[in-house]
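# Structural features, examined
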Amino acid sequence: MARKMKDVLRCAEKQNKYDECDINSIYQYARGIEGKTLLQILQEANLTEEEIEWVRTKESDKGLPGKIIEASYFGYELNSRQEADFVKVGAELKSTPADMDKTTEKYKSGETISVTQIDFSRPVEDDFYKSHLYNKLKMLIVIFYHRNRKLPSKLLYNVIYATLFQPSSEDMAIIESDYHEINHKIRNGRAHELSRSDGTYLSTATKSTKKTFITPYYGGKDIVNRSFTLRKEY
């Protein structure tokens, strides 16, 4: 039977290290990841050397660092559910790379943060505050790792910062406006026109490199899956 990443990486007993009903407990546990390499996280999750070598063969997976953090540090089974990761407190876990700016010698965001997948097969939710996007966006635990491409392995990437982030009311208003702008295109059969340049804080990006085309509920050209993302500038 072929191995599955979710089964190799998961360390369910890690969930005993924090109280799932207490956001402060979860956040304090998250702070404990700072300074660890992805390799250390795997070792502390009791993966065998053979399992770690198997994970190393999957380094072409762009999302590997985030999967290690979610499954091997927080103990969650990898999933694509629409509800928040920490459903009991309404908080979503996100991992994202940070690059070193050669000019300023400071860290900068390396990518947009993918929040949740857009379901093009159903009518859009007009009420932003009833959407699964808002449910995932209202409280974020964001883990930053240094994407040092000079290192020979992604497993040597170092986690540098964990933060609890809640968009301000002003920012949320801008995100809501972006949400309606994006939905306007979708509702008018123009989902194929969505791009990373849409919106001020909220945008969209293709979900993966797989070119599986789908037919949108509202018609128009067939498209590939996309996700709502927070722009790097934000």
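We now turn to the structure provided with this report. Since we're looking at a predicted model, the values are computed, not measured.

Parameters and conventions
- In every chain, residue numbers begin from 1 and rise along the written sequence.
- Totals for whole chains, interfaces and linings use every residue, but because this is a predicted model, local features are given only for residues with pLDDT of at least 70 and side-chain atom pairs only at 80 or more, for both listing and counting.
- No hydrogens and no water enter the side-chain calculation; it runs on all heavy atoms of the structure.
- Helix and strand labels come from DSSP, where a helix needs a run of H or I of at least four residues and a strand needs a run of E of at least two; each type is numbered from the N terminus.
- Exposed residues in this analysis have more than 50% of their type's maximum accessible area, buried residues have under 20%, and partly exposed residues fall in between, with area computed by a 1.4 Å probe over protein chains only.
- Any two residues whose heavy atoms approach within 4.5 Å are treated as being in contact.
- Salt bridges are identified by distance alone: a Lys or Arg side-chain nitrogen within 4 Å of an Asp or Glu carboxyl oxygen.
- Note on aromatic contacts: the rings of Phe and Tyr and the six-membered ring of Trp form a pair at centre separations within 6.5 Å, being stacked when their planes are under 30 degrees apart, edge-to-face when over 60 apart, and tilted otherwise.

### Section: the side chain of Arg 147
By the secondary structure assignment, Arg 147 is in the loop between β4 (140-146) and β5 (158-165). Using a relative accessible area of 13% as the deciding quantity, one classes Arg 147 as buried. Apart from residues lying up to four places away in sequence, Arg 147 is in contact with Pro 97, Ala 98, Asp 99, Gly 110, Glu 111 and Tyr 157.

### Focus on the pattern of salt bridges
One pass over the full model with this rule turns up 18 salt bridges. A salt bridge links Lys 6 to Glu 77; the nearest nitrogen and oxygen atoms lie 3.2 Å apart. Highlighted residues: Lys 6 in helix α1 (residues 5-9) and Glu 77 in the loop between α5 (64-73) and β1 (92-100), separated in sequence by 71 residues. Relative accessible area serves as the criterion here: at 32%, Glu 77 is assigned to the partly exposed category. With its nearest N and O atoms 3.4 Å apart, the salt bridge here joins Lys 94 to Glu 92. The network of salt bridges with shared partners includes Lys 62, Asp 99, Glu 111 and Arg 147.

### Re the packing of aromatic side chains
Tallied over the full model, the rule gives 18 aromatic pairs. Both rings, one in Tyr 18 and one in Tyr 29, keep their centres 5.0 Å apart while their planes meet at 40°; by these two values the pair is tilted. Placement of Tyr 18 in the loop between α1 and α2 (23-31) and of Tyr 29 in helix α2 is noted, with a sequence separation of eleven residues between them. Under the relative-accessibility criterion, Tyr 18 is labelled buried at 6%. Connected via pairs of aromatic rings, a cluster forms that spans Tyr 18, Tyr 29, Tyr 73, Phe 74, Tyr 76 and Phe 86.

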